[in-house]
Amino acid sequence: MTTKTQPAPSALKKYASTTSVVSRPPSPTKKGDGIDIGTYDGALERDVGDLVYGEAAEDLALDSSADKTRPTREWHLTDFEIGRPLGKGKFGRVYMVRTKTEPRFIIALKTLYKSELVQSKVEKQLRREIEIQQHLRHPNVLRLYGYFHDEKRIFLMLEFAGKGELYRQLSKHGSFSEKRSARYIDQMADALGYLHSKHVIHRDIKPENLLLGINGELKIADFGWSVHAPGNRRTTLCGTLDYLPPEMVEGKEHNEKVDHWALGVLTYEFICGSPPFEDLSGYNATYKRIARVDLKIPPKVSAEAADLIRKLLRYNPAERLPLADVRRHPWVVKYRSKDGSNAAQS
Ligand code: AMP
């Protein structure tokens, strides 16, 4: 058995979110006329990046109009009105933009510099990530509507997540109420169930990879470490330390149950404000705590939430609670909104 140990996915994290098709808007309510997209800072013209050559240039000639199964129309930077910068990632900037043509659709346009992708040796991973994400359609998975490139950059046309990063909310509040946590976990279990049904294992679930839609709904937004695994077990070690399950810490084979473990870690972190196996004395200490499942649940956590956490954080992957049962768990059911919208605001 071969186990590749790779660094934490910081290199991938920053280009992560991804693709698909904008021939039709996903919902008429997203029509962008009259919405203030803010002021453009001009940086896309100032800062165009360096040329890349050879095989890397071919790998990075990414264009959704050439997709074999569901080609989009051809897109160019000039097709968009550029608005305010939404943030800066490792490989480039993200802008709020609007299509110039009807239906004047609002999206987030993410730029990636080809030369920086090549320097970090992530061209192939980016292609794989786009291939995986472009066909995903779920309300809690960030859509990729299309992608195109110029000589020096790649542009990803992403669903606009109006409320920004979940991580920022968690930092601001310290922790979330059980109601808010339960609603997020419900949405996560739904989205992960969908991904697993498509044989996609995410493998990097953590607050930094989650965005919030305009109604506060959760969006999984980073597929930099996901794999398409039709019935296979995978052996590549990746993922952020605090969210790694025992089988990955121990270099064993793993399967989609790694995402169930991460959901348990996420539940704990939402309610308590820090992940359960964090050990400030260093990596080794954290590894040991994970391998022993050294779980201490503070008294502030309700018995029902603690029950769900314990059922997800099981050493044996096969014993981790199925995602459908997470959605049926009394703690999740108790806080589900009556209208089923489940956007977690408070
Ligand atoms: P990233 O390169 O994905 O880390 O993106 C950099 C920053 O841009 C993020 O931290 C977010 O604040 C923002 N951002 C990225 N994607 C979106 C999106 N789809 N909608 C809204 N903001 C986004």
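Everything quoted here is computed from the prediction, not taken from an experiment.

What counts and what doesn't
- Residues numbered from 1 in each chain as written.
- Predicted model: local features only at pLDDT ≥ 70, side-chain atom pairs only at ≥ 80, totals over all residues.
- Heavy atoms only, no water.
- Phe/Tyr/Trp six-rings, centres within 6.5 Å; stacked < 30°, edge-to-face > 60°.
- Buried < 20%, exposed > 50% of the residue type's maximum accessible area, 1.4 Å probe, protein only.
- Lys NZ or Arg CZ within 6 Å of the ring centre and 35° of its normal.
- Helix = DSSP H or I, 4+ residues; strand = E, 2+ residues; numbered from the N terminus.
- Polar contact = N/O pair within 3.5 Å; in protein donor to acceptor, adjacent residues only side chain to side chain.
- Lys, Arg positive; Asp, Glu negative; His and termini not counted.
- Salt bridge = Lys/Arg side-chain N within 4 Å of Asp/Glu carboxyl O.
- Contact = heavy atoms within 4.5 Å.
- Pairing = 2+ DSSP bridges.
- Axes fitted to C-alpha atoms, helices over the stretch in contact; angles between N-to-C directions.
- pLDDT = per-residue confidence, 0-100.

Trainee: What should I look at first to understand the packing of aromatic side chains in this one?
Mentor: The description of an aromatic ring pair uses the distance of the two centres, along with the angle that the planes make with each other. Applying the stated criterion to the full structure yields 10 aromatic pairs. For the ring pair phenylalanine 148 and phenylalanine 155, a centre distance of 4.9 Å and an interplane angle of 15° mean the geometry is stacked. Exposure class is identical for phenylalanine 148 and phenylalanine 155. Each is buried. The ring centre of tryptophan 75 lies 3.9 Å from the NZ or CZ of arginine 73, which sits over that ring.

Trainee: Explanation requested: the side chain of aspartate 186 in the structure shown.
Mentor: Position of aspartate 186 relative to the elements: it lies in helix H7 (residues 178–197). Of the polar contacts made by the side chain of aspartate 186, one reaches the side chain of arginine 327; its length is 2.7 Å.

Trainee: Would you mind going over the side chain of aspartate 242 with me for this structure?
Mentor: With respect to the helices, strands and loops of the structure, aspartate 242 is situated in the loop between strand E12 (236–237) and helix H8 (246–249). Buried and unpaired, aspartate 242 has arginine 289 as its nearest opposite-charge partner, separated by 7.8 Å. Contacts of aspartate 242, omitting those with residues within four sequence positions, involve Val265, Pro275, Phe277, Glu278 and Thr286.

Trainee: Any chance you could explain the sheet that holds strand E10 (residues 218–220) here in plain terms?
Mentor: Overall, antiparallel pairing links the 3 strands, which are arranged E7-E9-E10 in an open sheet. Two strands close off the open sheet at either side, each with one partner strand: strand E7 (164–165) and E10. H7 rests against strand E9 (210–212) and E10 of the sheet, and its axis sits at about 35° to E10.

Trainee: Would you take a moment to explain the pairing of strand E6 (residues 153–159) for this structure?
Mentor: On a regular strand, each side chain points to the face opposite its neighbour's, so the side chains alternate between the two faces of the sheet. A large share of E6 lies buried, amounting to 7 of its 7 residues. Relative to E6, strand E4 (residues 106–113) runs antiparallel, the two sharing 7 bridges. Within the sheet, the bridge partner assigned to isoleucine 107 lies in E6 and is glutamate 159. Note that strand E5 (residues 144–149) and E6 share 5 bridges and pair antiparallel. Directly across from histidine 149, in E6, lies its bridge partner isoleucine 154. In this antiparallel pair of consecutive strands, E5 and E6, the connection spans 3 residues.

Trainee: I'm lost on the confidence of the model for the chain in this one. Help?
Mentor: Low pLDDT means the predicted atomic positions in that stretch should not be read closely. Counting all residues, the mean pLDDT for the chain is 85, and 84% of those residues have values of 70 or more. For residues 1–29, every residue scores under 50 in pLDDT, and the model assigns this stretch 104 contacts once sequence neighbours within four places are set aside. Counted against residues more than four places away or in other chains, residues 230–235, with its pLDDT under 50, gives 19 contacts.

Trainee: What exactly am I supposed to notice about the pattern of salt bridges here?
Mentor: Proximity of charged atoms lets side chains of opposite charge pair with each other. This structure, assessed with the given rule, holds 23 salt bridges. We note a salt bridge from lysine 219 to glutamate 217, for which the minimum N-O separation is 3.9 Å. For the residue pair lysine 219 and glutamate 217, the accessibility class agrees, reading buried in each case. Via salt bridges that share partners, Asp186, Asp190, Arg327 and Arg336 belong to a single interconnected network.

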